[in-house]
Amino acid sequence: MKSSAFYLSLLLVSSLALPAAYVEQVDPFLGTAAEGNVYPGATLPFGFIQVSPDTGPGSMAGGYKFDRNIVAFSQQHISGMGGPILGEISVFPATGEIRDPANIASTGKSAEAATPGYYTVTLAPWNVKIELTATSHMALHRHTFPARSPARVLVDVGHCLYGQQSDKPRNWGSAYPTGGEVRIDRDKQEVSGYMVYQAGRSTTKPWKVYFVARFDTPFASAGTWNDDGLITAARATTAGKEIGACLDFDTTSKQVVQTKIAVSWRSLDQARGYLDAQSGWDFDAVKKQARDTWEQTLSAIKVEGGTTEERTKFYTALYRAHLTPNNWTNESPDRYGSLTYYENLLCLWDTFRTVNPLFTLIQPKINADIVNSIINYHRIDGWTGDAHSAHQYEHVQNGSHADTIIADAYVKELPGIDWSAAYAAIRKNAFEDPNPTINERPVIGRFRLNDYLQHQYLPTDVSDHKDVQAVSRTLEYVHNDFSVYTLAKEHGSPGDIKALEDRITWYRHLWDANSGFMRGKKSNGDWLTPFDPLQLETGRQYYEGHAWTWSWYVPHDPQGLINLMGGDEAFIKKLTIACENYYEAFNEPCMLETYLFIHGGRPDLTQRFVREAQRHFTTSHDGLPGNDDSGTTSAWLVWTMLGIYPNAGQDYYYVGSPVFSKATIRLGNGKEIILNAPATSADARYIASAKLNGRPLGSAWFRHGAIKDGATFDFTMTTTPTNWGRTSRPPSWSAPDAK
């Protein structure tokens, strides 16, 4: 009989061999400096609550920059966006005298740490330890106070990201409170109330947020402050804009004070109901539940091999892809009732490229809910919109990309969607001009659609507004029309089908053969002059880019673009220049660019450039090379590191260069896609041969049907470019078999 020590040694060796938990490979601080605009706080996948620290002016929509002092801990945030919104109701601990409760700020921090579903920090000068965790609809704050008196918690009802009106000292631009109420109930150990907010990003209507904060410790004393900032102990109820409650506690060394807080966009009773549904005060149990939820979510993709840094980048990116949009069902406007309602679709111009196709594979129920939310926007309010927050449409960046999200779901046969209703929703984008627009910005459909239909391109001189973005919009409208056409073939009238089919090559009107670029054209057909292909702009011709950025944007017809450029050789030469000098993986119009080499017969160059692009991503605090844009940049990295990539709105994927020796993707139906590349490395980035389900795979692309019920890929990697995959071209409108 073996000794117990023997079995103990086996157990020890076995445990040492176990891979780290998925959550331990996520770094929520990655990208919290520079332009990532992400937050490190606690939330659940697609949760209603995102409780996180705020660091004041210039912290963007994430509310947080790693190298700045913390000024608040608020309850809702959006990940990765540029413009600010949310950040309502701060719960902030402190000690000693409070001179200006609405403008309190730490002087330093220590012991800051975070994992999915949990955040902690100790703030100076008070030496209070803050811990945060969350359920889907409730934030739980745990404050450990030092041996100082009095210990205090400030509930700042006027707080929101980027702050107050221009005549207030903390004017941070954008959203601001316009009026609300705060009430203290000492018997129930509660603070409750509401605040109405205005502006924020491009929203035009005010929005109202209710809250209830419940404490596990009696108040030694309590008072409110109004717009003058003076705390009055005798005043249990206060109305105003910059209002809040100050709660004092008799504490001893390391005494803990806990706060549960819930917000609701419908009613005070609904906020209170979220608290009532979460009995007890076991912070660690809630933290564990959040951790377990994230562990299950992240386990949808298991990677093996690679470096520690590569796995951290990968799982942090996978985590970030699950932060938005957010399930606000029953927190929607009353007119929606209990219809499926996802909020913070910011912005479909971003997420259609990478996030939604990823969800179709690993979160099909979530993606169906997102699609149904878009359909419900149309059903209840009249349009799909291209962005949505605070119960209202936002301005469209370019195009109407609900069209492509719906087309992508359609060609991949995502279940649970009424496709007739889906077609009706996106048909409106293609056939009805949304005028009038607000300040010349389209908030519901396509900007100047009638001008596009009249000229077969959007002229640069259709408006005095400087941001016509005529080239970018034309190219995106054509791609959107292709997406609408995808559903029209089954659900549209013959007239719809013919009209849309005619539009699919309108991108050719903006091709200037002399310069070799897509460029702006006036209403009379003359080219806009002067023309500089490197003029970076969001203006007359382009959006967030220049001619080198946008001249590749024909996702549905790369073969047509190759034809315009004079054939494969000219196309490959120019695309190589673009990827060597002007490519930005974090800039959405560029994201597909490196994969276009496959259409020109050079998969090896795709393999080269997708690996080179990954060097811009690191594990540092500034490790995101640009805005994460609701997980779009992160999802790009997930796809690219796996070694496959979608062409959104179509039923095929490209083969890139897998980073990991093995990756297992668990599909929503329980089947698995296995990607084996045992010899891959930083140098061995090229594919020498490949097999799909044991049979030779000679193309650098494959259809969704090949993987929807599981599949196994086997890649032989090498350090030098090869001819693998050169002879087979992906689908393209101008290819003979495109239709």
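To be clear, the structure that these remarks concern was listed above.
Just so we're clear, the structure is a prediction, and the values are computed from it rather than from any experiment. (Residues numbered from 1 in each chain as written. Predicted model: local features only at pLDDT ≥ 70, side-chain atom pairs only at ≥ 80, totals over all residues. Heavy atoms only, no water.)

Chemist: What's the story with the overall build of the protein in this structure? I'm lost.
Modeler: When you go through the protein residue by residue, the secondary structure sums to 17 helices and 32 strands. Relative to its length of 739 residues, the protein is compact, with a C-alpha radius of gyration of 27 Å against a globular reference of 27 Å. Its C-alpha atoms give the protein principal-axis dimensions of about 85 × 80 × 45 Å. Expressed as a percentage of its 739 residues, the buried residues of the protein come to 63%. Look at the contacts in the protein between residues 6 or more apart in sequence, and 68% of them connect residues 24 or more apart. Carbon and sulfur atoms provide 49% of the accessible area of the protein, an area that totals close to 25600 Å². Here the protein carries 68 positive and 79 negative side-chain charges, and the mean point of each set is 3 Å from the other. (Helix = DSSP H or I, 4+ residues; strand = E, 2+ residues; numbered from the N terminus. Rg over C-alpha atoms; globule rule 2.2 N^0.38 Å. Buried < 20%, exposed > 50% of the residue type's maximum accessible area, 1.4 Å probe, protein only. Contact = heavy atoms within 4.5 Å. Areas by Shrake-Rupley, 256 points an atom, 1.4 Å probe, with all protein chains shown as cover. Lys, Arg positive; Asp, Glu negative; His and termini not counted. Charge placed at Lys NZ, Arg CZ, Asp CG, Glu CD.)

Chemist: I tried to follow helix α17 (residues 632-642) on my own but got confused; where do I start?
Modeler: One full turn of an α-helix is made of 3.6 residues, so residues set three or four places apart face in the same direction. Of all 11 residues that make up α17, 11 are buried, and the element is covered over most of its length. Every buried residue belonging to α17 is among Thr632, Thr633, Ser634, Ala635, Trp636, Leu637, Val638, Trp639, Thr640, Met641 and Leu642, and all of these are buried.

Chemist: Explain the nonpolar core here, please?
Modeler: Here is a general trend for soluble globular proteins: nonpolar side chains tend to be buried in one another's company. Phe215, Leu247, Ile301, Phe314, Leu642 and Phe713 are the most contacted members of the largest nonpolar core, which has 216 residues in total. Residue contributions to this core peak at 10 residues, all from helix α11 (residues 470-491). Not counting residues within four places of it along the chain, the set of residues in contact with Leu247 comprises Ala151, Arg152, Val153, Val155, Ile184, Val191, Phe215, Phe219, Ser221 and Ala222. With 10 residues, the next largest nonpolar core counts Met138, Leu140, Phe283 and Val286 among its residues. (Core = buried A, V, L, I, M, F, W, Y, C linked by side-chain atoms within 4.5 Å.)

Chemist: I keep staring at the pairing of strand β17 (residues 256-264) and nothing clicks. Help me out?
Modeler: Among the 9 residues that make up β17, 8 are buried, leaving the element largely enclosed by the rest of the structure. As judged from the 6 bridges shared by strand β8 (residues 139-144) and β17, these two strands associate in the antiparallel manner. By the bridge assignment for β17, His143 is matched with Val257. In terms of strand pairing, strand β12 (residues 207-215) meets β17 through 6 bridges, oriented antiparallel. Its bridge partner being in β17, Phe211 is matched across the sheet by Val263. (Pairing = 2+ DSSP bridges.)

Chemist: Where do I start with the pattern of salt bridges in this structure?
Modeler: When the charged atoms of two side chains with opposite charge come close together, those side chains can pair. One pass over the full model with this rule turns up 28 salt bridges. A salt bridge links Asp381 to Arg335, with the nearest nitrogen and oxygen atoms 2.8 Å apart. Of this pair, Asp381 sits in helix α7 (residues 364-381) while Arg335 is found in the loop between β19 (326-327) and β20 (342-343), placing the two residues 46 residues apart along the sequence. In this structure, Arg427 and Asp496 form a salt bridge, with 2.8 Å as the shortest nitrogen-oxygen distance. In this pair, Arg427 sits in helix α9 (residues 419-431) while Asp496 sits in helix α12 (residues 494-503), placing the two residues 69 residues apart along the sequence. If you follow the salt bridges from partner to partner, you end up with Glu190, Arg214, Arg272 and Asp276 in one network. (Salt bridge = Lys/Arg side-chain N within 4 Å of Asp/Glu carboxyl O.)

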